[in-house]
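Okay, here's what each chain looks like letter by letter:
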Amino acid sequence: MLVLTRSANQSIMIGHDIVLTILEVRGDQVRIGINAPREVGIYREELFAAIQQANRSAASPSDESVRSLSALRRDKDPQPEQD
Amino acid sequence: MSVVEVNELQNEADIPIIKVVDGLPAFPWARHFTLVRWGGDDSPFSKFQSLDDPELAFLVVEPSVFFPDYEPEIDDHAVERLGLERSDQALLLVILTTGDRPEDTTANLLGPIVVHRETLEAVQVVLADSTHSTRVPIV
């Protein structure tokens, strides 16, 4: 990890197109502004980590669990009789 | 699986292939998927099957089936990345996590998959609005 120390109103560039600016430091909170091309995703790290974790938990459910789920749904919402 | 093999597969089976352009969080190498109904003829569920790893698949559903009020704001990044010009070009899918019982099934509403209906390119977005959870019960 590259570690830099910045003060308010100083910036860091990532590549040639991404600029992080320290806008304000107040207590233990830092306001950060980010200029980046719109096609670059910017995420709060803990939310991205939550998605990673959810994807891992969701990966490759069994056919049996899907059948049970379909059956549950069918029992709850029976299809109306066809005329 | 190489891109050449994926293209051959597409021509052979004629099954549309969804291209997750940046991969999936935790599975960044998984870029090519098929989508087929899973669970019977009247099932709303689909299998999002990886072509890069045949052992990797996800249970997905259009969120409107269980969450009719769910209207996530798709950020500029995803719109730009997929070249979306109108909201009706976007197909939303949410990934379900199964549990020990079917009643334990939950939906990831924090990270929906957005598919461009015409190009079949897709991204899994991370909603900036963190009030959504990755584990919302569907029952």
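Refer to the structure above for everything that follows.
Cut-offs used in this document
- Residues numbered from 1 in each chain as written.
- Chains lettered and ligands numbered in written order.
- Predicted model: local features only at pLDDT ≥ 70, side-chain atom pairs only at ≥ 80, totals over all residues.
- Helix = DSSP H or I, 4+ residues; strand = E, 2+ residues; numbered from the N terminus.
- Rg over C-alpha atoms; globule rule 2.2 N^0.38 Å.
- Buried ≥ 20, exposed ≤ 12 C-beta atoms within 10 Å, placed from the backbone.
- Contact = placed C-beta atoms within 7 Å.
- Pairing = 2+ DSSP bridges.
- Expected span 1.5 Å × (residues − 1).
- Arc of directions from axis to C-beta.
- Core = buried A, V, L, I, M, F, W, Y, C linked by C-beta atoms within 7 Å.

Engineer: Run through the overall build of chain B, naming residues and quoting values.
Structural biologist: The number of helices and strands found in chain B is two helices and nine strands. Counted from the first residue to the last, chain B has its helices and strands arranged as α-β-β-β-β-α-β-β-β-β-β. Relative to a compact globule of 139 residues, whose C-alpha radius of gyration would be 14 Å, chain B shows 15 Å and is just as compact. In terms of principal-axis extent, the alpha carbons of chain B reach across some 40 × 35 × 30 Å. When each of the 139 residues of chain B is scored for burial, the buried share is 35%. Sequence separation of 24 or more characterises 49% of the internal contacts of chain B that already satisfy a separation of 6 or more.

Engineer: Summarise the interface of chain B and chain A; cite the residues concerned and give the values.
Structural biologist: Tallying the contact residues gives 33 residues for chain B and 26 residues for chain A. For the side of chain B that touches chain A, the secondary-structure elements that each account for two or more residues are strand 4 (57-61), helix 2 (76-82) and strand 5 (90-97) of chain B. Looking at the side of chain B that touches chain A element by element, the count peaks at four residues for helix 2 of chain B.

Engineer: Provide a residue-level description of the pairing of strand 2 (residues 32-37) of chain B, including the pertinent values.
Structural biologist: Side-chain direction in a regular strand flips from residue to residue, so the side chains alternate between the two faces of the sheet. Residue and element names in this part refer to chain B. Here two bridges tie strand 1 (residues 18-20) to strand 2, and the two strands are oriented antiparallel to one another. Paired with I18 across the two strands is F33, which belongs to strand 2. Looking at chain direction, strand 2 and strand 3 (residues 46-50) are connected through five bridges and run antiparallel. When the bridges of strand 3 are listed, R37 appears paired with S46.

Engineer: Explain the environment of A:A8 to me, using residue names and the numbers behind them.
Structural biologist: Residues and elements named next belong to chain A. As for its position among the elements, A8 is in the segment before strand 1 (11-14). With 12 C-beta atoms counted inside 10 Å, the residue A8 sits in the exposed group. Sequence separation between A8 and I22 is 14 residues, and the spatial gap between their C-alpha atoms is 5.0 Å. Setting aside its immediate chain neighbours within four residues, A8 contacts I22, L23, E24 and V25.

Engineer: Let's hear about helix 1 (residues 45-58) of chain A: which residues, and what values?
Structural biologist: Think of an α-helix as turning once every 3.6 residues; residues three or four places apart then point the same way. An ideal rise of 1.5 Å per residue puts 20 Å on 14 residues; helix 1 of chain A measures up with 20 Å between its terminal C-alpha atoms. Listed as buried for helix 1 of chain A are A:A50, A:I51, A:A54, A:N55 and A:A58. End-on view of helix 1 of chain A: buried residues confined to an arc of 135°, all on one side of the axis. More than 90 degrees from the buried face of helix 1 of chain A, the exposed residues found are A:E45, A:E46 and A:R56. Buried positions along helix 1 of chain A lie against strand 4, strand 5 and strand 8 (121-124) of chain B. Immediately beyond the C-terminal end of helix 1 of chain A, within one or two residues, lies A:S60, with a positive phi of roughly 55°.

Engineer: Pulling in residues and values, what's your account of the nonpolar core?
Structural biologist: The biggest cluster of nonpolar side chains holds 37 residues, and the ones touching the most others in it are B:F58, B:V60, B:V94, B:I95, B:L96 and B:V114. Setting aside its immediate chain neighbours within four residues, B:V94 contacts B:V60, B:V61, B:P63, B:A107, B:N108, B:L109 and B:P112.

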